[in-house]
Amino acid sequence: MKQAGLFLLLAGVIFTGTALAQGTNSAAAASTQDPHQSQPPAPRVVDLKASDGIVLKATYFAAAKPGPGVLLYHQSNRTRDSWDAIARQLAAAGINTLTLDMRGFGESGGTPNTKLTDVERPKVRTKRPSDIDTAFQYLVSQPGVKRDVIAVGGAGELGVGQSVEVARQHSAEVKSLVLLSGETLQDGLQFLRQASQLPGLFVVADDDEYPPTVEAMEWLYVTSSSPGKKFVHYSAAQDAPWIWYETSDASKVPAKGGHGTDMFKPHPELPGIIVNWFVTTLIKTPGHAPADTLASAGIINQIRTPGGIAQVTEQLTEARRRDSEAQLFPEITVSTIGQDHMRAGEPKLAVEVLRLLLLAYPESADAHETLAEAYLKDEQKDLARQHAEKALAILDSHTVPASSWTDTEQYRGEIRSGAQEVLKKLSAAH
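Being a predicted model, the structure only gives us computed values, none of them experimental. Starting from 1, residues in each chain are numbered consecutively following that chain's sequence as written. Owing to the predicted nature of the model, reporting of local features is limited to residues with pLDDT of at least 70; listing and counting of side-chain atom pairs is limited to 80 or more, with chain, interface and lining totals taken over all residues. Note that water and hydrogens are dropped before the side-chain values are worked out from all heavy atoms of the structure.

A. Broad picture of helix 13 (residues 365-377). When the terminal C-alpha atoms of helix 13 are compared, their 19 Å separation across 13 residues agrees well with the 18 Å that a helix rising 1.5 Å per residue should span. Exposure is judged per residue with a 1.4 Å probe applied to protein chains only, and the accessible area is read against the type maximum: over 50% gives exposed, under 20% gives buried, and values in between give partly exposed. Secondary structure follows DSSP: runs of H or I at least 4 residues long count as helices, runs of E at least 2 residues long count as strands, and numbering of each begins at the N terminus. With 12 of 13 residues buried, helix 13 is to be regarded as a mostly interior element. Where helix 13 is concerned, the buried positions are Ala365, Asp366, Ala367, His368, Glu369, Thr370, Leu371, Ala372, Glu373, Ala374, Tyr375 and Leu376. Contact criterion: two residues are considered in contact whenever any of their non-hydrogen atoms come within 4.5 Å of each other. In this structure, the buried side of helix 13 is in contact with helix 11 (331-343), helix 12 (347-360), helix 14 (381-397) and helix 15 (409-428). Helix span, expected: 1.5 Å multiplied by one less than the number of residues in the helix.

In structure tokens form, the structure reads like this:
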């Protein structure tokens, strides 16, 4: 019996951003462009006219060929150039990207945010929905931008709030979110709760200089109902002390690299994680990210309860009616549950779990082979043979990955060996 699933489940129950980053470096490197591909054009600074005539400055990073688009918003103590390095990487990866200076920040017009009075500040906030829509409309109007495959990223209370609002206003077009060190209001939280198929990457650090940002990001993460979400949490020995609210006045709170895009310097793997996330959710599998064990904890626990497999089967069937590619749980985790039942001498329960797994991942050679083992233990020999042969056929076709979680030659060999062992035992029984 293959053992990889058990190890991965135990290793992945609790993880920090550092652990996730180590597992993502290779994936980010895999998205690097072929040096023979055409390079994207140079970024260009653009003027966007707001509804009241204020000029908003933005930078457009065009890809070399038609592709999706990303809109990036800065935090209160930074400007659009804090996203420059990632925007260049995204353009090189085939994703058109727009970064924006919000009204009163950087080169954009309007009263500088640091000079707003308490009376003026709420008035400026009322302009932001219109401003962000101006930026969104500019991005989707550019030649070569696939206007129905858009993502939004934001940092800090300012950028996160605006990003969620864009996704809420344009839910049909926005296929992915990246949120760093911020929060959103009730409307945004309600949207995240309802957007069950919107993948989101949530990033925060314990040394964020504006506590309680960690708790705010954890709230966003648990509120999001998507099983395709990831939480990158950079741990520290202790949380930073509260000094002041998130502010554009740099003299109030010294920046120490724990907030928003400032995290890129102490955590150099983070830009690669973000770029890889956008490549996955906009190019490889638009609007989808692999189901995550932590994000799917409720479903996984349900599978382990009496009657839970039937309930989850019904939920998956219903989700597939709305979205044919919907996934409610990661393949490897539920495969491990099935293998646990086999190790415990419970083949009938193993079969039930692994049939659900195959319903979710019908093209997985791994799922077929593991189910073949369960059928063999349950003395259902014809079905064991059928699924062992199907596993080998999928491997031999080389048209799809061996599983949703890995396709290495080493693991393909493990699947092949397992399927052949099932067939060998069936032949010996005759």
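B. Structural context of a negative patch on the surface. Only residues whose relative accessible area exceeds 30% and that form no salt bridge enter a patch; like-charged residues are grouped when within 9 Å of one another, and nonpolar side chains (Val, Leu, Ile, Met, Phe, Trp, Tyr) when within 5 Å. For the area figures, the Shrake-Rupley method with a 1.4 Å probe applies, and any residue is considered shielded solely by the protein chains shown. What makes a salt bridge here is a side-chain nitrogen of Lys or Arg within 4 Å of a carboxyl oxygen of Asp or Glu, nothing more. Note that His is not counted, nor are the chain ends; the positive residues are Lys and Arg, and the negative ones are Asp and Glu. One atom stands in for each charge, and that atom is NZ of Lys, CZ of Arg, CG of Asp or CD of Glu. Taken together, the side chains of Asp207, Glu215, Glu218 and Asp239 present a region of like negative charge at the surface. Within the secondary structure, Glu215 is located in helix 7 (residues 213-223). Residue Glu215 is classed as partly exposed on the basis of its relative accessible area, which comes to 41%.

C. Main features of the environment of Ala236. Its location among the elements puts Ala236 in the loop between strand 8 (229-234) and helix 8 (270-284). What makes Ala236 partly exposed here is its relative accessible area of 33%.

D. View of the nonpolar core. Among buried residues, those of type Ala, Val, Leu, Ile, Met, Phe, Trp, Tyr and Cys that are joined through side-chain atoms within 4.5 Å constitute a nonpolar core. Counting 43 residues, the largest nonpolar core has Ile303, Phe329, Leu356, Leu357 and Val422 as its most contacted members. Contributing elements (two or more residues each) for this core: helix 9 (297-303), helix 10 (308-322), helix 11, helix 12, helix 13, helix 14 and helix 15. Looking at this core, the element that brings in the most residues is helix 12, giving eight residues. In this structure Ile303 touches Gly308, Ile309, Val312, Phe329, Val334, Ile337, Val353 and Leu356, once residues within four positions along its chain are discounted. Counting residues in each nonpolar core, the second largest holds 42 residues, with Val160, Leu189, Phe191 and Ala195 among its members.

E. Looking closely at the packing of aromatic side chains. For this analysis, a ring pair means two rings from Phe, Tyr or Trp (six-membered ring only for Trp) whose centres lie within 6.5 Å, classed as stacked if their planes differ by under 30 degrees, edge-to-face if by over 60, and tilted for the remaining angles. Applying the stated criterion across every chain yields a total of nine aromatic pairs. When the centroid spacing of 5.1 Å and the interplanar angle of 45 degrees are considered together, the rings of Tyr221 and Phe231 count as tilted. With Tyr221 in helix 7 and Phe231 in strand 8, this residue pair connects regions lying 10 residues apart in the sequence. Taken as a pair, Tyr221 and Phe231 share a single burial class, namely buried. Here the aromatic rings of Trp242 and Trp244 are separated by 6.0 Å at their centres, their planes lie at 50 degrees, and the arrangement is tilted.

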